[in-house]
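Descriptive analysis of the structure
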Amino acid sequence: MALIHNLGFPRIGARRELKFALETFWKGQASDAELLGTAKQLRTHNWQAQQALDWVPVGDFSLYDQVLDMSFTLGNLPDRVEGLEGSELDNYFRVARGRSANDTDCNCIHAGEMTKWFDTNYHYIVPEVTANTTFSLNAERILSQLAEAQAAGVKAKPVIIGPVTYLWLSKEKDTSNRLDLLSKLLPVYGQLLDKLADAGAEWVQIDEPALVTELDEDWQRAFETAYHVLRSSRVKLLLATYFGTLKENLRLACNLPVDGLHVDAVRGRDELRVVLDWLPEYKVLSVGAINGRNIWKTDLNATLDWLEPVAQKLGERLWIAPSCSLLHVPVDLDSEQKLDTDIRSWLAFAKQKLAELSVLGKAINQGRAAVGDELAANKVAVDSRKNSERVHNPQVKATVKNITAELGQRQSPYVERIAKQRAHLKLPLYPTTTIGSFPQTPDIRKARLALKKQEMSAEQYTATMRAEIEHAVSEQEKLGLDVLVHGEAERNDMVEYFGEQLEGYAFSQFGWVQSYGSRCVKPPILFGDISRPKAMTVEWIQYAQSLTDKPMKGMLTGPVTILNWSFVRDDQPRSESCLQLALAVRQEVLDLEAAGVNIIQIDEAALREGLPLRKSAWQSYLDWAVESFRIAANGVADETQIHTHMCYSEFNDIIEAIAHMDADVITIETSRSDMELLNVFEEFEYPNEIGPGVYDIHSPNIPSVEQAVKLMTKAAERIPAERLWVNPDCGLKTRQWEEVIPALQNMVSAAKTLRKNAG
Ligand code: GLN
Ligand code: ZN
């Protein structure tokens, strides 16, 4: 009998219950007990949804982030929360977001750094370590969840992050090597596994996704050391790898002394045969056969074609699972009542993926005939998508074929362009601007909802949004910002907004996926060839420009980001879909320019996160990604200033590609890292202008003038002042006006100080 199991379930809730509970709690409008109560309900609900499985993940639930949870389990908290008042929960949220529900402005601390979880759009809180870091077990959270699951009658399989991946994800706050901490860390893992064994766990899923990345020899050795130490534990270990192929780590992964191995058989299909060759006879192999990273229905018949021989070979030793945790897909397709029925029939969310898993399990254990109806229905859906006219647009395919390199080339080099731009923009030294969005207030959301429910007419909606734009413009003028934005009030989301206006896109109502903490995104579904029926932003920007004499930036989302933040069709290369998007954005850029917009920002917030996990695959991604941006952006005249924005600044390894995008100005995220991330500019002379963020918008904290001056002064040591801009880390949509105004006031004052200091 093959078993079926899951690696992790979305925790946010089908209706984002966790998000709302957290936000109410942070506002001080709910007690600890109320928050924890909602969390418990969600877990119970999630376990019910997974009842048909032979093993159900436990401990995958988190109030904010599973890596932060692991840091707390291991007793690895930053020194700055030591001795602070309150409960563990207070400290948990202090590390997560700079303050607990009870903290006031004056006793908040800086939040832990946040970064992307492998190549997903999920962000984790980076564990901080130094040579002096010590670990001590605090298993309370996972043990209580285990007890809860057992009481609910669930076949519980605790999930933890493995020791090597934990260190791999950590960041040294001194000059030590984090790998040196392994010997201190392993005893705590040993204790944790003992506790789980005592509590009745039979299997523990120990996640080591670092195994799908290129590892130095010392990291490879660390795996051997770690699992030789942990082999004496009394639980069976299922070592879980996901998000890709094992490649040169394959033999290592197969031979570690654990009881089972999980591999991603979606991205690693071709490797499965080799895994079967190397896997010792005593081990279970968990085959991740259902894509945990996308929302398309699995072709079950095709999957069985390759899975059956694997099952024949492995017999009892086969487990079947999604490729990775289902954290990265929405909860339930059944909630989607408005989705076009054709398109809906092509999709599967977390619950539907588990149903697919059950069908696969039955087909393997009892033969295909036992699930004949399900397999026939699946075939109808898969074929309907393959042959749909809505997916294939010959005209779009032909335009992409005709793309030439010239399309991505600006008319003149940067030095010539910038002279022309400066001549007519007349900006001061250290110009100030923001990244685009202003707070999405409850009023804005209410209006959007009313429009959706047809309780508000399109005209009323436009008027409401125009009033928001007026407000944003007048606030910016009062603040004295140099380059203004319209505030993006009309945009629910920077990708969905564009997707909604492009052919080839579909939208879910509840297809939310956690991005970080309480923040969720609802990736649109790119199902077909892309085209732009008409201008998407021009009227709004023109209106905003009509309200002010200051330059107004046109705001667009770039093709790579639209792609990376969508659920993308899997029936053609991503590069092909990206070029289609690039052509659509290019038309918009040219329309904005024709409407008299002098500065156009094309956000490529997500360019970096699209990087393949393995460096060997980077260049080919960067080639088509950068080319797509260039095609979108570079059709404009020299006088038109192109900005781009990126939600990070770890550029060290891709700085040349970033420079090759040839944007006139790039604004980036740097404030949490103290401008440390700008070190790369000491070696590589980035030729164009840069705005390193001085205001951490992911935290409710307000930067002081001194802080901002200090940060910019540090930046000016690496980049000439003439090429520096002063701006926040990212858009302000998640913040409140009460925070944004003083923060931007301080930012503008800082710019004035900097100008004075520069003489
Ligand atoms: N222009 C967008 C905004 O300001 C950029 C958001 C982002 O980079 N994530 O909201
Ligand atoms: Zn950003």
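Preceding this section is the structure that the text describes.
Residues numbered from 1 in each chain as written. Chains lettered and ligands numbered in written order. Predicted model: local features only at pLDDT ≥ 70, side-chain atom pairs only at ≥ 80, totals over all residues. Heavy atoms only, no water.

**Comments concerning the pattern of salt bridges**
Evaluation of the coordinates by the stated rule reveals 43 salt bridges. Between Arg80 and Glu128 there is a salt bridge, with the nearest N and O atoms lying 2.9 Å from each other. Separated by 48 residues along the polypeptide, Arg80 in the loop between α3 (66-73) and α4 (88-97) and Glu128 in strand β5 (residues 128-129) bring together distant segments of the chain. Look at Arg80 and you get partly exposed, because its relative accessible area is 22%. With a shortest N-O distance of 2.9 Å, Asp119 and Arg293 are connected by a salt bridge. A residue pair is termed long-range when its members are at least 10 positions apart, and Asp119 in the loop between β3 (114-116) and β4 (123-125) and Arg293 in the loop between β11 (284-290) and α11 (300-314) qualify at 174 residues. Residues participating in the shared-partner salt-bridge network are Lys397, Asp529, Arg569 and Asp571. (Salt bridge = Lys/Arg side-chain N within 4 Å of Asp/Glu carboxyl O. Helix = DSSP H or I, 4+ residues; strand = E, 2+ residues; numbered from the N terminus. Buried < 20%, exposed > 50% of the residue type's maximum accessible area, 1.4 Å probe, protein only.)

**Some words on the sheet that holds strand β22 (residues 689-692)**
Backbone-to-backbone hydrogen bonds join strands into a sheet, with any given pair of strands oriented parallel or antiparallel. With parallel pairing, the five strands of this open sheet are ordered in space as β17-β19-β20-β21-β22. A single partner strand is all that each edge strand has here, and the edge strands are β17 (553-557) and β22. When strand polarity is set aside, the average angle formed by the axes of neighbouring strands in this sheet is 20°. As judged from the four bridges shared by strand β21 (residues 665-668) and β22, these two strands associate in the parallel manner. If you follow Ile666 over to β22, its bridge partner there is Ile690. Sitting on the sheet, helix α22 (residues 574-594) touches β17 and β19 (599-603), and the angle it makes with β17 is about 175°. (Pairing = 2+ DSSP bridges. Axes fitted to C-alpha atoms, helices over the stretch in contact; angles between N-to-C directions. Contact = heavy atoms within 4.5 Å.)

**Topic: the packing of helix α15 (residues 394-401) against α22**
At a minimum axis distance of 10 Å, the contact between α15 and α22 shows a crossing angle of 90°. By the angle class used here, α15 and α22 are roughly perpendicular. Contacts from Val396, Thr399 and Val400 in α15 reach Glu576, Leu579, Gln580 and Leu583 in α22. For the contact of α15 with α22, a count of residues per class yields four nonpolar, two polar and one charged. (Parallel < 35°, antiparallel > 145°, perpendicular 65-115°, else oblique. Nonpolar A, V, L, I, M, F, W, Y, C, P; charged D, E, K, R; others polar.)

**Quick notes on the coordination of the zinc ion (ligand 2)**
For the zinc ion (ligand 2), the full set of protein donor atoms is His645 (NE2), Cys647 (SG) and Cys730 (SG), and the range of their distances to it is 2.0 to 2.2 Å. Its four donor atoms give the zinc ion (ligand 2) angles of 85 to 122° at the centre, a pattern that matches the tetrahedral case. Mapped onto the sequence, the donors of the zinc ion (ligand 2) take the spacing H-x1-C-x82-C. Here Cys730 lies in the loop between α26 (705-716) and α27 (737-757) and His645 lies in strand β20 (residues 641-646), a separation of 85 residues in the sequence. The residues His645 and Cys730 share a single accessibility class, namely buried. (Donors = N, O, S within 2.8 Å, 3.2 Å for Na, K, Ca; no water. Tetrahedral: all angles 85-135°; square planar, octahedral: opposite > 155°, others 65-115°.)

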